[in-house]
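# Residue-level structural notes
One-letter residues, chain by chain:
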Amino acid sequence: MKSAERQRIFNSLAVNGARHMRVLFLIYGAASYLAFLHVFVYFMGFVGDVFVPQSVSHPASAGFSKALLIDIGVMLLFGIQHSVMARAGFKSFMARVIPHTIERATYVLASAIALTLLMFWWRPIEGTVWSLENPAARAAVWALFALGWLLIFTSTFLTDHFDLFGLRQVWLSYVRRTYTDVRFTERLFYRSIRHPMMLGILIAFWASPVMSVSHLVFSIGMSLYVLVGIHFEEKGLQKVLGRDYVAYQKRTRKIVPSVY
């Protein structure tokens, strides 16, 4: 076989291999997204104590101390995974192990796994902090609960939902286009507050017509994680966006919208 023919075969194999890899990346990204979406929908029922066999409050476990330690442990596990993998240092490490194309999809999949473990290992605690009996009050709190989740989902589209969950990266790779960072724009809620998604999370966690001790532990622990996460996220955004983000910080509130 002539060298020119061998080179042609090698080139053909390389092209086919790259095409197959792009297809695999696309499948991996879509599977990661669907896995997280499935887990997150279940998580909504878990937090709201509705539609799922095991929620944040039921069935209650015996042994307050043991359940509390386990619950704190699983919240720390989720918090560490969700925060550490989002930091620039870990992303640099990931870049040496996996292609940038699937880095975000891998983060999404890992988050789905961590959230699944949190729900699976969660140990509900007996006791009730408050229970609203008035039908109008219960309806109002359920509306607030729904509003929180709606705010979360809406906020993902105000930035770039598909980039946030790793779909844009694998699609651009599949169609052989260069990835570019998403440009931050102050749209809708982002004109008033810097973290509408986090506000939605806090509302969803705390808006409950029946607040069990177990739910209270969950809400306190996850709210602390949200506040810590915001601190580190803002530091990262300051490094990436520089003076533009510092100016944005000065003219907008962090979580609670201004009432004046």
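Everything that follows concerns the structure shown earlier in this document.
Presented here is a report on the structure given in the accompanying data block.

Rules used in this analysis
- Residues numbered from 1 in each chain as written.
- Predicted model: local features only at pLDDT ≥ 70, side-chain atom pairs only at ≥ 80, totals over all residues.
- Heavy atoms only, no water.
- Core = buried A, V, L, I, M, F, W, Y, C linked by side-chain atoms within 4.5 Å.
- Buried < 20%, exposed > 50% of the residue type's maximum accessible area, 1.4 Å probe, protein only.
- Helix = DSSP H or I, 4+ residues; strand = E, 2+ residues; numbered from the N terminus.
- Contact = heavy atoms within 4.5 Å.
- Phe/Tyr/Trp six-rings, centres within 6.5 Å; stacked < 30°, edge-to-face > 60°.
- Axes fitted to C-alpha atoms, helices over the stretch in contact; angles between N-to-C directions.
- Parallel < 35°, antiparallel > 145°, perpendicular 65-115°, else oblique.
- Nonpolar A, V, L, I, M, F, W, Y, C, P; charged D, E, K, R; others polar.
- Salt bridge = Lys/Arg side-chain N within 4 Å of Asp/Glu carboxyl O.
- Lys, Arg positive; Asp, Glu negative; His and termini not counted.
- Patch = residues over 30% accessible without salt bridge, like charges linked within 9 Å, V, L, I, M, F, W, Y side chains within 5 Å.
- Areas by Shrake-Rupley, 256 points an atom, 1.4 Å probe, with all protein chains shown as cover.

## Digging into the nonpolar core
The biggest cluster of nonpolar side chains holds 42 residues, and the ones touching the most others in it are Phe 43, Phe 46, Leu 118, Trp 122, Trp 149 and Phe 218. Elements that contribute at least two residues to this core include exactly helix H1 (3-48), helix H2 (64-84), helix H4 (103-121), helix H5 (135-159), helix H8 (196-206) and helix H9 (213-241). At seven residues, the largest contribution of residues to this core is made by H1. Among all residues touching Phe 46, those that are not within four sequence positions of it are Val 52, Gln 54, Ser 55, Val 56, Leu 118, Met 119, Trp 122 and Phe 218. Core analysis: the second largest hydrophobic core is formed by eight residues, Met 85, Met 94, Ile 98 and Ile 102 among them.

## As for unusual backbone geometry
The peptide bond linking His 58 to Pro 59 adopts the cis configuration, its omega dihedral lying at -10°. Tracing the chain through its elements places Pro 59 in the loop between H1 and H2. In the Ramachandran plot, Asp 49 falls in the positive-phi region, its phi being about 60° despite a non-glycine side chain. Here Asp 49 lies in the loop between H1 and H2. Backbone geometry at Arg 176 places phi at a positive 60°, although glycine is not the residue there. Classification of Arg 176 as exposed rests on a relative accessible area of 66%.

## Section: the packing of aromatic side chains
Following the criterion strictly, the structure yields 22 aromatic pairs and no others. A ring pair is formed by Phe 43 and Phe 205, whose centres lie 6.1 Å apart and whose planes are at 90°; its orientation type is edge-to-face. Of the two residues, Phe 43 is situated in helix H1 and Phe 205 in helix H8; the sequence distance between them amounts to 162 residues. Owing to a relative accessible area of 3%, Phe 43 belongs among the buried residues under this scheme.

## Concerning the packing of H9 against helix H10 (residues 243-251)
Put simply, H9 and H10 touch, their axes get as near as 6 Å, and they point 130° apart. Classed by the angle they form, the pair H9 and H10 counts as oblique. Residues Glu 234, Leu 237, Gln 238 and Leu 241 of H9 form the contact with H10, whose own contacting residues are Arg 243, Asp 244, Tyr 245, Val 246 and Gln 249. Within the contact of H9 with H10, the residues separate by chemical class into four nonpolar, two polar and three charged.

## Focus on the pattern of salt bridges
Tallying each qualifying case throughout the model produces three salt bridges. The salt bridge involving Glu 186 is made with Arg 251; its shortest N-O contact spans 2.2 Å. Here the residue Glu 186 occupies a position in the loop between helix H7 (167-174) and H8, and Arg 251 occupies one in helix H10, the gap between them amounting to 65 residues. Given a relative accessible area of 28%, Glu 186 falls into the partly exposed group.

## Observations concerning the side chain of Arg 22
Structurally, the position occupied by Arg 22 is in helix H1. An unpaired buried charge is present at Arg 22: no salt bridge exists, and Asp 163, the closest side chain of opposite charge, is 17 Å distant. Residues in contact with Arg 22, not counting those within four places in the same chain, are Ser 173, Tyr 174 and Arg 176.

## A closer look at a nonpolar patch on the surface
Among the surface-exposed residues, Met 21, Val 23, Leu 24, Ile 27, Trp 171, Tyr 174 and Val 175 lie close enough to one another that they form a single nonpolar patch of about 620 Å² accessible area. Within the residue set of the nonpolar patch, elements represented by two or more residues are H1 and H7. Following the sequence through the fold, Leu 24 ends up in helix H1.

In short, the description is geometric, and any link to function would need to be established separately.
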